[in-house]
Amino acid sequence: MELWNDIMKMNGTKKQLREFGLLVGGVLTVLGGLLLWRQKEIYWLFGSIGLVLIAGGLTVPLALKHLYKVWMSLALCMGWVMTRVILSVLFYLVISPISLISRLFGAKYLDLSFKSSDDSCWIMRQHQPSHESYEKQF
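Residues numbered from 1 in each chain as written. Predicted model: local features only at pLDDT ≥ 70, side-chain atom pairs only at ≥ 80, totals over all residues. Heavy atoms only, no water.

A. Expanded view of the packing of aromatic side chains. On inspection of all chains with the given rule, the structure shows three aromatic pairs. Between F91 and Y92, the ring centres sit 5.0 Å apart and the planes meet at 85°, which makes this aromatic pair edge-to-face. Judged by relative accessible area, which is 41%, F91 ranks as partly exposed. Taking relative accessible area as the criterion, Y92 reaches 58% and is therefore assigned exposed. (Phe/Tyr/Trp six-rings, centres within 6.5 Å; stacked < 30°, edge-to-face > 60°. Buried < 20%, exposed > 50% of the residue type's maximum accessible area, 1.4 Å probe, protein only.)

Given below as structure tokens:
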């Protein structure tokens, strides 16, 4: 729902529409030039779309508003999906193995067994750090 609200609130200013036309048009034109250099027959499609976007961005940027909204909606959807994919991969390939290895070797970072006689669940340090250790941490 939040993603949908972001898409509905999207309004491109004249400057943003001009930048969109010049940037995307420039990339498509360069891609068309690379395809021409590699002798691919579809070069004209990328080049012509790129030139139309550049011309539109320079002359009438408000005409690119609907295309801008579609493009940015696609970008927001891709960002939403990729955020979840990256966080899932990070959790399952980094955080979970560290947790399993810590449990395997018996590391305890918190004393989770609460005793009513204790004032706190924190594990007390055996030594007190000096002021110098705070200044030179590494």
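B. Quick look at the pattern of salt bridges. Under the defined criterion, the tally for this structure stands at one salt bridge. Across the pair K15 and E19 runs a salt bridge, and its minimum N-O distance is 3.9 Å. Taken together, the residues K15 and E19, both in helix 2 (residues 14–37) and four residues apart, mark about one turn of the helix. Judged by its relative accessible area of 44%, E19 is partly exposed. (Salt bridge = Lys/Arg side-chain N within 4 Å of Asp/Glu carboxyl O. Helix = DSSP H or I, 4+ residues; strand = E, 2+ residues; numbered from the N terminus.)

C. Just the nonpolar core, in detail. In this structure, I7, M10, L17, F20, V24, L28, L53, L64 and Y68 together form the largest nonpolar core, which totals nine residues. Sort the elements by how many residues they give to this core and helix 2 lands first, with four residues. L17 has contacts with G12, P61, L62, L64, K65 and Y68, leaving out every residue within four places of it along the chain. (Core = buried A, V, L, I, M, F, W, Y, C linked by side-chain atoms within 4.5 Å. Contact = heavy atoms within 4.5 Å.)

D. Seen up close, the packing of helix 2 against helix 3 (residues 43–59). Contact pair helix 2 / helix 3: the axes reach a minimum separation of 7 Å and the direction vectors enclose 155°. As the angle between them shows, helix 2 and helix 3 are arranged roughly antiparallel. Of the two elements, helix 2 crosses helix 3, and the hand of that crossing is left-handed. For the pair formed by helix 2 and helix 3, the contact residues are R18, G21, L22, V24, G25, G26, L28, T29, L31, G32, L35 and L36 on the first element and Y43, F46, G47, I49, G50, L51, L53, I54, G57 and L58 on the second. Across the contact of helix 2 with helix 3, the residue classes break down as 13 nonpolar, eight polar and one charged. (Axes fitted to C-alpha atoms, helices over the stretch in contact; angles between N-to-C directions. Parallel < 35°, antiparallel > 145°, perpendicular 65-115°, else oblique. Left-handed = near helix turned anticlockwise from the far one by under 90°. Nonpolar A, V, L, I, M, F, W, Y, C, P; charged D, E, K, R; others polar.)

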